[in-house]
Amino acid sequence: MRVLYDHRPSHSGHSAYADLVLINGSIYTGDPGLPWCRALAVARGRIVARGDRSDVEHLIGAQTKVTDLGGRFAMPGLYDMHTHPDLALAPRYADDLDIGIVDPTPDQVRDAILAYAAKHPNREWIYGQYFVRYTFRQAGLVPGKDWLDQVMPDRPVALLDRMWGTMMVNSEALRRAGITATTPDPANGYLERSPASGEPTGLLIDGAYALIHAAMPPTPVPVLRAAYRDGVRYQSARGVVSTKYVHVCENRLNALQSLDHAGELTLRVEAAISWQDDIFPVRRRWELLAGERHYYRSARLNANAVKFHFDGTVEPRSSYLMTPWDGNSTWSGKLNLTPEHLADMIWDMDRQGIRVIAHCTGDAASDTFLDAVEGARRRPGGLCVRHQCAHSTILHGGNLKRFRDLGVTAEFSPVSWYPSKFVSGARSGYGAERLSRAYNIKGVLEAGGVAVIGTDWPVSPLDPWIALETMVTRANPWGESEDRFGEPIALPQAIDVMTKNGAWSMGIDHEAGTLEIGKSADIIVLDRNLFEIEPQGNIHATKVDLTFVQGQLVHDRLNDKSEAVWHGEAPQLW
Ligand SMILES: [Zn+2]
């Protein structure tokens, strides 16, 4: 078994020579003090020299590995600060239903369910993904148990929508979960009901679908391990050196630790324990948060974060907004928890050194979050942890500078910040005015705040290069639309967002994120110089030739004999 890092004690005798030297490169360091260099030397995982070849030559000993970059472009490795390989891939390894179409029509959903049921006659539950509400609307149909009962009356069926905001179930699934007209709504979601009878319609919104998950068997650890393993490998192959897996439970942490112990965790992972049971049931939550999380800690893994759902998503209109969803109603969404609960929780987590990653799509949700952080900063005993506003879909202009003032990270998810069918379909529910201020990366940066990206796979693709291109263009990378959506930022800023800002949001900016002496050697070598190409249509297609994490080669695209080459296919969501 190849171990990708070791634990030599720091007082052991060290060679005076470098372990690794890169020469003849076009190396962008991300450090304003010395933005470019041609050579780097690495010892014990850290950068020890940089400059020209003459600055590193004296560090080349008999054991030093020297890599001639042949003029290629190199830069700091990428940070994906919110993603879910487990949610994306576990259904495949568990052999759950995967419709595998971006925007399936109701007929395609029906055909997929019937085909799956025929192929799996002994499976109790038919569980899987995805349907989208707007294709039902387009077909003049209403998704829910009535539609699903016609497709599958006798076996329980539960199907998630693409944004994990809604679950559609049939009557048999409701029966097994014990859900009836008298079942109360949970605090962090609701059952859609028929107005006349109060009967559940078979659409469960946000946290309500935990009621269904509780009736189903949990995902086994080996399935989770296989899902994380492929996610990690793909991320390494795309140049990601640090990531946050947002939503974990004890089973998920055990799967990650098993990869870590096997030397297969080829990037740093910060894992966020779920505060709610809305994505999956979390056993032993309080024990994990109280200290059991430390059992998982290593150089590559920590579980010192917690994930909260403050509000919902756009399609079921459960984002919590400052003004009503539309002029004809007073509905502006709601918080999943009381503001008092949130304020006490943030203070409590802050003084334990636990980062709060708060799902906030609506402008009122992020406003409440910032208020709660502000409150925590005034109470005694806090550690000023860098908390994270996840998605930050719609921000109020008056809140932009509070990200800087409170040291809160604004995290943005790429799927909707460029024009696509998804934006004109699902996202249009926010309305024109709100969409005009959606994903305001530039606004947060100009106010002095820290913005990061989170691919939020499987809501959007895991490939971070799509995010980098579209931050710079705010245009569709594949030419599917002429429109531009939102304000672009310059390439060096976008690189900062995906490198040093990520390190800041993990609290490791003093030792990672840029290529500076003393910092971790997290380096990627690309097949193109990002500063010499037309961004649109090109950055997203970047190939990563080499990925180094802590000086260790974890991906080597061009060398078939290297152990660090991954020949697998990129995991496709659709
Ligand atoms: Zn997410």
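Quantities reported herein were computed from a predicted structural model and do not represent experimental measurements.

### A look at the overall build of the chain
In terms of regular secondary structure, the chain is built from 19 helices and 24 strands. Here the chain has a C-alpha radius of gyration of 24 Å; the compact-globule value for 574 residues is 25 Å, and the two agree. Projected onto its principal axes, the C-alpha positions of the chain cover 80 × 55 × 50 Å. In the chain, the share of contacts with a sequence separation of at least 24, taken over all contacts with a separation of at least 6, comes to 73%. Total accessible area on the chain stands at roughly 21,900 Å², and carbon and sulfur atoms take up 51% of it. Both charge centroids of the chain, one from 59 positive and one from 69 negative side chains, sit 3 Å from each other.

### Some words on the packing of helix 17 (residues 464–473) against helix 18 (residues 491–498)
Interhelical geometry of helix 17 versus helix 18 gives an angle of 145° and a closest axis separation of 9 Å. By crossing handedness, the relation of helix 17 to helix 18 is classed as right-handed. Counting all contacts with helix 17, which are made through Pro 464, Ala 467, Leu 468, Met 471 and Val 472, the residues of helix 18 involved are Leu 491, Ala 494, Ile 495, Val 497 and Met 498. Taken together, the residues of the contact of helix 17 with helix 18 sort by class into ten nonpolar, no polar and no charged.

### As for the coordination of the zinc ion
Each protein donor to the zinc ion is listed here as His 82 (NE2), His 84 (NE2) and Asp 456 (OD); together their distances run 2.1 Å. As a motif over one chain, the donors of the zinc ion read H-x1-H-x371-D. Taken as a pair, His 82 in strand 8 (residues 78–83) and Asp 456 in the loop between strand 21 (450–453) and helix 17 lie far apart in primary sequence, 374 residues in all. Residue classification places Asp 456 among the buried residues on the basis of a relative accessible area of 7%.

### A look at the nonpolar core
Counting residues in hydrophobic clusters, the biggest one holds 123 residues, and the most contacted among them are Met 75, Ile 212, Phe 310, Phe 369, Trp 465, Met 471 and Leu 530. Residue contacts for Leu 530: discarding those within four places in its chain leaves Phe 73, Met 75, Trp 465, Leu 468, Leu 491, Ile 495, Ile 539 and Thr 542. Formed by 18 residues, the second largest nonpolar core is a distinct cluster that contains Val 109, Phe 131, Trp 147 and Met 168.

### Quick notes on the sheet that holds strand 20 (residues 409–412)
One open sheet holds the eight strands; their spatial order is 8-15-16-17-18-19-20-21, and the pairing between them is parallel. Edge strands, defined here as strands with exactly one partner in the open sheet, are strand 8 and strand 21. Put simply, the sheet's adjacent strands are angled 25° from each other on average, direction ignored. Two elements, strand 19 (residues 388–391) and strand 20, share two bridges in a ladder whose sense is parallel. By the bridge assignment, Cys 389 is partnered in strand 20 with Ala 410. Of the strands in this sheet, strand 17 (301–309) and strand 18 (355–360) touch helix 11 (residues 339–351), which is tilted by about 170° from strand 17. In the packing of helix 12 (residues 363–378) onto the sheet, the strands contacted are strand 18 and strand 19, and the crossing angle to strand 18 comes to about 160°.

### Looking at the packing of aromatic side chains
Using the criterion set out here, one finds 16 aromatic pairs in the structure. Taken together, a centroid distance of 6.3 Å and an interplanar angle of 65° make the contact between Tyr 418 and Trp 478 edge-to-face. On the criterion of sequence distance, the pair formed by Tyr 418 in the loop between strand 20 and helix 14 (421–425) and Trp 478 in the loop between helix 17 and helix 18 is long-range, its members being 60 residues apart. For Tyr 418, a relative accessible area of 5% corresponds to the buried category. Using a relative accessible area of 43% as the deciding quantity, one classes Trp 478 as partly exposed. Through a chain of ring-to-ring contacts, the aromatic side chains of Trp 275, Trp 286, Phe 308, Phe 310 and Phe 369 assemble into a single cluster. Between Arg 351 and the ring centre of Trp 347, over which it is positioned, the NZ or CZ distance is 4.1 Å.

### Observations concerning the sheet that holds strand 22 (residues 523–526)
Read from one edge of the open sheet, six strands run 3-2-7-22-23-24, paired in mixed fashion. The strands lining the two open edges of the sheet, one partner per strand, are strand 3 (36–37) and strand 24 (552–556). Pairing analysis gives two bridges linking strand 2 (residues 26–28) to strand 7 (residues 73–76), with the strands arranged parallel. Looking at the pairing, Ile 27 lines up with Ala 74 of strand 7.

### A few points about unusual backbone geometry
Of the consecutive residues Gln 129 and Tyr 130, the connecting peptide bond is found in the cis state with omega at -20°. Its place among the elements puts Tyr 130 in strand 10 (residues 126–131). Along the chain, Trp 457 connects to Pro 458 via a cis peptide bond; the corresponding omega equals 10°. Structurally, the position occupied by Pro 458 is in the loop between strand 21 and helix 17. For Asp 95, which is not glycine, the phi torsion reads 60° and is therefore positive.

### Re the environment of Gly 448
Residue position: Gly 448 is located in the loop between helix 16 (441–446) and strand 21. It is 8.6 Å that separates the C-alpha atoms of Gly 448 and Asp 405, two residues lying 43 residues apart in sequence.

### Structural notes on helix 8 (residues 221–237)
Between the first and last C-alpha of helix 8 there are 24 Å, a value that for 17 residues agrees with the 24 Å anticipated at 1.5 Å per step. What helix 8 keeps buried is the set Val 223, Leu 224, Ala 227, Tyr 228, Asp 230, Gly 231, Val 232, Tyr 234, Gln 235, Ser 236 and Ala 237. Packed against the buried residues of helix 8 are strand 8, helix 2 (85–93), strand 15 (240–248), helix 9 (250–261), strand 23 (544–549) and strand 24. Downstream of helix 8 by a residue or two, Gly 239 has a phi angle that is positive, lying close to 85°.

### Looking at the pairing of strand 14 (residues 200–206)
When you tally the buried positions in strand 14, you get six out of seven residues, the bulk of the element. Direction of pairing for strand 12 (residues 166–169) relative to strand 14: antiparallel, over a ladder of three bridges. Bridging from a neighbouring strand, Met 167 pairs with Leu 204 of strand 14. Two elements, strand 13 (residues 189–193) and strand 14, share four bridges in a ladder whose sense is antiparallel. For Gly 189, the partnering residue across the bridge sits in strand 14 and is Asp 206. Where strand 13 folds back onto strand 14 in an antiparallel hairpin, the turn is made up of six residues, including Gly 198, whose phi is positive at roughly 75°.

Cut-off values and rules
- Starting from 1, residues in each chain are numbered consecutively following that chain's sequence as written.
- Under the rules for a predicted model, residues below a pLDDT of 70 receive no local features and side-chain atom pairs below 80 are neither given nor counted, while totals for whole chains, interfaces and linings still include all residues.
- Heavy atoms throughout the structure, all of them, feed into the side-chain values; hydrogens and water do not.
- A run of DSSP states H or I qualifies as a helix once it reaches four residues; a run of E qualifies as a strand once it reaches two. Both are numbered from the N-terminal end.
- What the globule rule says is 2.2 Å times the number of residues to the power 0.38, and the radius of gyration is computed from C-alpha atoms.
- A contact between two residues is defined here by any heavy atoms of the two lying within 4.5 Å.
- Every accessible area reported is derived by Shrake-Rupley at a probe size of 1.4 Å, with residue values counting cover from the shown protein chains alone.
- Neither His nor the chain termini are counted; the positive set is Lys and Arg, and the negative set is Asp and Glu.
- To locate a charge, take atom NZ for lysine, CZ for arginine, CG for aspartate or CD for glutamate.
- Note on definitions: angles span 0 to 180 degrees between N-to-C directions of axes, and those axes are lines fitted to C-alpha atoms, for helices only across the stretch in contact.
- In this scheme the handedness of a crossing depends on how the near helix is turned from the far one: anticlockwise by less than a right angle means left-handed, clockwise means right-handed.
- The nonpolar class holds Ala, Val, Leu, Ile, Met, Phe, Trp, Tyr, Cys and Pro. Asp, Glu, Lys and Arg form the charged class, and all remaining residues, Gly among them, are polar.
- A 2.8 Å cut-off from the metal defines N, O and S donors, relaxed to 3.2 Å for Na, K and Ca; water is not in the atom list, so some sites may appear incomplete.
- Throughout, exposure labels follow a simple rule: accessible area from a 1.4 Å probe, protein chains only, divided by the maximum for the residue type, with under 20% read as buried, over 50% as exposed, and the rest as partly exposed.
- Here the nonpolar core consists of buried residues drawn from Ala, Val, Leu, Ile, Met, Phe, Trp, Tyr and Cys, with membership extended through side-chain atoms lying within 4.5 Å.
- For two strands to be treated as a pair, DSSP must find at least two bridges joining them.
- When two rings of Phe, Tyr or Trp (its six-membered ring) have centres within 6.5 Å they constitute a pair, described as stacked for plane angles under 30 degrees, edge-to-face for angles over 60, and tilted for the intermediate range.
- Only lysine NZ and arginine CZ atoms are considered, and such an atom sits over a ring when it is within 6 Å of the ring centre and within 35 degrees of the ring normal.
- The span you would expect from a helix comes to 1.5 Å times its residue count less one.

Read these as spatial facts, not as claims about activity.
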